[in-house]
Amino acid sequence: MTGRKRLHIRGTVQGVGFRPFVYRLATQLELTGHVLNISGGVIAEIEGSESALQAFIKRLRAEAPPLSSIEHVEIQDQPLRGDTAFAVHESVAAAEAFAMVPPDVGTCEECWSDFTDASNRRYLYPFTNCTNCGPRYSIIQDIPYDRPKTTMKVFPMCADCQREYDNPGDRRFHAQPNACPVCGPQLSEPLSEIRRRLHAGEILAIKGLGGFHLACDATNDSAVRRLRERKRRSDKAFALMARDLESIAKIAVISETDCRVLQSPRRPIVLLPRRAAAPIPAAVAPGNNTLGVMLPYTPLHYLLFGDSREADPEFLALVMTSGNLAEEPIVSRNQEAPRLNTLADHFVLHNRDIQTRVDDSVLRTFEGRERLIRRSRGYAPQPVELGREIHELLAVGGELKNTLCLTKGTYAILSQHIGDLENLETLTFFEETLDHMKRFFRVHPRAVAYDLHPGYLSTRFALEMPEIEKIGVQHHHGHIASCMAENFVHEKVIGVAFDGTGYGSDGKIWGGEFLVCDYAGFERHAHFKYVPLAGGDAAIRHPWRTALGYLHEAFGNQIPDLFPSIPESAVRLVRAAIEKRINTVDTSSCGRLFDAVSAIAGVRRDVNYEGQAAIELEMKCAEGIEDEYPFEIEAGEIDTRPLIRAVVGDVVARAPVERIAAKFHNTIAAIILDVCLRIRASEHLNRVALSGGTFQNVRLLSRSVALLRGAGFEVLLHAAVPANDGGLALGQAVIANQQLSAKM
Ligand code: ZN
Ligand code: ZN
Ligand code: FE
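Each chain has its residues counted from 1, running along the sequence as written. Chain letters and ligand numbers both follow the written order, the letters beginning at A and the numbers at 1. With the structure being a predicted model, the display of local features is reserved for residues of pLDDT at least 70 and the display and counting of side-chain atom pairs for 80 or more, all residues being used for whole-chain, interface and lining totals. Only hydrogens and water are removed before side-chain values are computed, so all heavy atoms of the structure are retained for them.

### Points about the environment of Thr 356
Rule in force here: Helix and strand assignments follow DSSP, with helices taken as H or I runs no shorter than four residues and strands as E runs no shorter than two, numbered in order from the N terminus. Note on exposure labels: buried denotes an accessible area under 20% of the residue type's maximum, exposed denotes more than 50%, and partly exposed covers the range between, all computed with a 1.4 Å probe on protein chains only. Contacts: residue pairs with any heavy atoms within 4.5 Å of one another.
Position of Thr 356 among the secondary structure elements: in the loop between strand S12 (346-348) and strand S13 (362-366). On the accessibility criterion, Thr 356 (3% relative accessible area) is buried. For the pair Thr 356 and Phe 429, spaced 73 residues apart in sequence, the C-alpha separation works out to 9.4 Å. If we ignore the near neighbours within four places in the chain, the residues touching Thr 356 are Tyr 137, Ser 138, Ile 140, Gly 210, Gln 416 and His 436.

Here it is, written out as structure tokens:
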């Protein structure tokens, strides 16, 4: 019995080695026919014995390439055609068709074997790649994704590489960045010399996949301190890279999920609990008991740890932090490398241009799933599936941790991490990214969604766009809609949006908000009672100033003297400003409440990076504390004065800070439950969406989730999209889509 079948395979099946896989599978099973890419999928026609056809269908899903994901396979019987071989057909690019632009992919096992095998022609070649791995988004200049439209176009393939490229049975069939030491990109200096410098404690600026890293030996205290000094003394944690899981296990505690995620082809930085005895100096992550660690994702990275795969790595871990000046985007071009002169002792360059800058992605795992914190390399620009058609739109995101979002079909395409839109360099990066993405994905937005904050550069950019409808979206509504969208929820939910800063509909600074909302709109059901913040941004950098606002509310003129180390005159000035409401803003921000308590408890009075006071307070939490501080809720206002008074009481009574921190976290979780119960009683809603940067706090997140589930709530959390402002653009897009639909 012979037959012929036509399989229409949909999902992520382009640019991921799917056609060669189909070719190999079909020829192994002695099937004839062909395979080709079409818009939105792959068509495979297979002809042969019934048993081989069935085996093909079964193995198609079971053995699909690691980067692919099959969403749907439609199978039709076809008349026999009597093909004599199996062929791979060229793709036809339809002008307006949606083409996937694949994200960059971490080096695969087979390539690692290739460049560490002394008999292989790619031995020690730091740009080895294949269909299953290598640069993609970072080198693509235009679509369809083909070598002449990448920065690899300047490297004509040698005969050996071309043969691999043309052979459907080869792992490098149509691997666009295919290269070897004869024909491909080159490093500016020998690997042994790079390792010698790292051993000597030098700080190197190393050009990688999506930009420069600043690298040094992570176990070398003085090197790490020097790097920290040079990076303007910010205490923000440095990311680490280790060669293998064995190395990581020596410095951090890894769960099964963490292992899987660390090894995934996306190779993100994973936040892990640090081992107390880890031989990693405190200066890597001051005040933080987690470490951000990743595995190598390019051959160059592997080779930094030594030539041999079998021998122990030469370094337990390397610091690999983004090569940028404070607040500026990552540097990616050879000619821009001098910008890092003050940071690096030495430069390691290569001659493959980076078309699109992509920072490393950062995530943590929670309840067995990835929870993105920074969605960038390996993830962007892979679309987020929305499960339904949506208008073509642009959403410009917020200000901090900016990403933008374009929509097409059922997809939301979020950009890589762009950064804090506070300077010209970052704005330029934003504009470049928008240009690229519009071209790659052929999106013609009919509206632009933006944050209501009039001062955001993203907002100003949107408002200045010519001839396009403009839709303003309230910040916290955007957060909750983002969480709803990635969970495929369209019905009304209780939205808990906690973060540092977001412009409210009343012109005040919101950030501790309980909304009842869907995409069409929101009602603000409860929020933290407004507290005066003296000096806006100055307060954010100096939590003791924020604390004075809370103390003023709680104690009036009888503020206890909690900050003996701060000059009395400075305290008096801030207090006077608060009393007379000079240069103050009212805020309901939960992030500021964390800052205030962190300062009052003596954990952090000044910060040098965003979120530091709250992070260090979380890190202090003792285990096994179940008490809470008191709070009051009246007419939708959460009064934190009783809480502040009780915290001060504990501080004065010299209660351990670990206990104060834990009690405070418990209190915030209790407030969430209390308010959600009240809203459920009046609105009959049982779904709660948690969003906003504050929910990156695992202590708060896990306790809130447990309390809410315990009370029978269904809880929606972020996973694919960050809870922080990096996920805002998605929410803006779905809200704007709803408004457009309502008008039609
Ligand atoms: Zn490979
Ligand atoms: Zn070659
Ligand atoms: Fe926010």
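### Let's talk about the domain arrangement of the protein chain
To keep it simple, the criterion reads: As annotated, the domain borders come from an automatic or database domain assignment.
Each assigned domain of the protein chain is listed here: domain 1 (2-88), domain 2 (101-367), domain 3 (383-487 + 726-743) and domain 4 (526-716). Here the C-alpha centre of domain 4 lies 57 Å away from the C-alpha centre of domain 1.

### Some remarks on the coordination of the iron ion (ligand 3)
Put simply, the test is: Sites may look incomplete because water is not among the atoms; the donors themselves are N, O and S atoms within 2.8 Å of the metal, or within 3.2 Å for Na, K and Ca. Here the metal geometry follows the donor angles, with tetrahedral for four donors whose angles all fall between 85 and 135 degrees, square planar for four and octahedral for six when opposite donors are more than 155 degrees apart and every other angle is between 65 and 115, and irregular for all the rest.
The protein atoms that coordinate the iron ion (ligand 3) are His 475 (NE2), His 479 (NE2), Asp 499 (OD) and Asp 725 (OD), at distances of 2.1 to 2.2 Å. Seen from the iron ion (ligand 3), its 4 donor atoms lie at angles of 84 to 170°, and the figure they make is irregular. When its relative accessible area of 0% is taken as the criterion, His 475 is described as buried.

### Here's the deal with the pairing of strand S20 (residues 469-473)
Which entries qualify depends on this criterion: When DSSP locates at least two bridges between a pair of strands, those strands are taken to pair. Here is how to tell: hold the view so the strands point away, follow the path from the first strand over the helix to the second, and if it runs clockwise the crossover is right-handed.
Inspection of the sheet shows strand S19 (residues 447-451) paired to S20 by 5 bridges, in the parallel sense. Within S20, the residue paired with Tyr 450 across the bridge is Gly 472. Crossover S19 to S20 through helix H11 (residues 457-463) is right-handed.

### Here we look at the coordination of the zinc ion (ligand 2)
For the zinc ion (ligand 2), the protein coordination sphere consists of Cys 158 (SG), Cys 161 (SG), Cys 180 (SG) and Cys 183 (SG), at 2.2 to 2.4 Å. Of note is the zinc ion (ligand 2), whose 4 donor atoms meet at the metal with angles of 103 to 118° in an arrangement that counts as tetrahedral. Expressed as a motif, the donor residue spacing for the zinc ion (ligand 2) is C-x2-C-x18-C-x2-C. With Cys 161 in helix H4 (residues 159-166) and Cys 183 in the loop between H4 and helix H5 (191-199), this pair connects stretches of sequence that are 22 residues apart. Its relative accessible area of 0% is what places Cys 161 among the buried residues.

### Quick word on the sheet that holds strand S16 (residues 394-395)
Formally: In this analysis, axes come from line fits to C-alpha atoms, helices being fitted only over the stretch in contact, and the angle between any two N-to-C directions falls in the range 0 to 180 degrees.
Sheet architecture is open: 6 strands sit in the order S15-S18-S17-S16-S19-S20, paired in mixed fashion. Of all strands in the sheet, those with a lone pairing partner are strand S15 (384-385) and S20, marking the two edges. Taken together, the 2 bridges between S16 and strand S17 (residues 405-408) define a ladder with antiparallel strand orientation. Its bridge partner being in S17, Leu 394 is matched across the sheet by Leu 406. Helix H21 (residues 728-743) rests against S16, S17, strand S18 (411-414), S19 and S20 of the sheet, and its axis sits at about 125° to S20.

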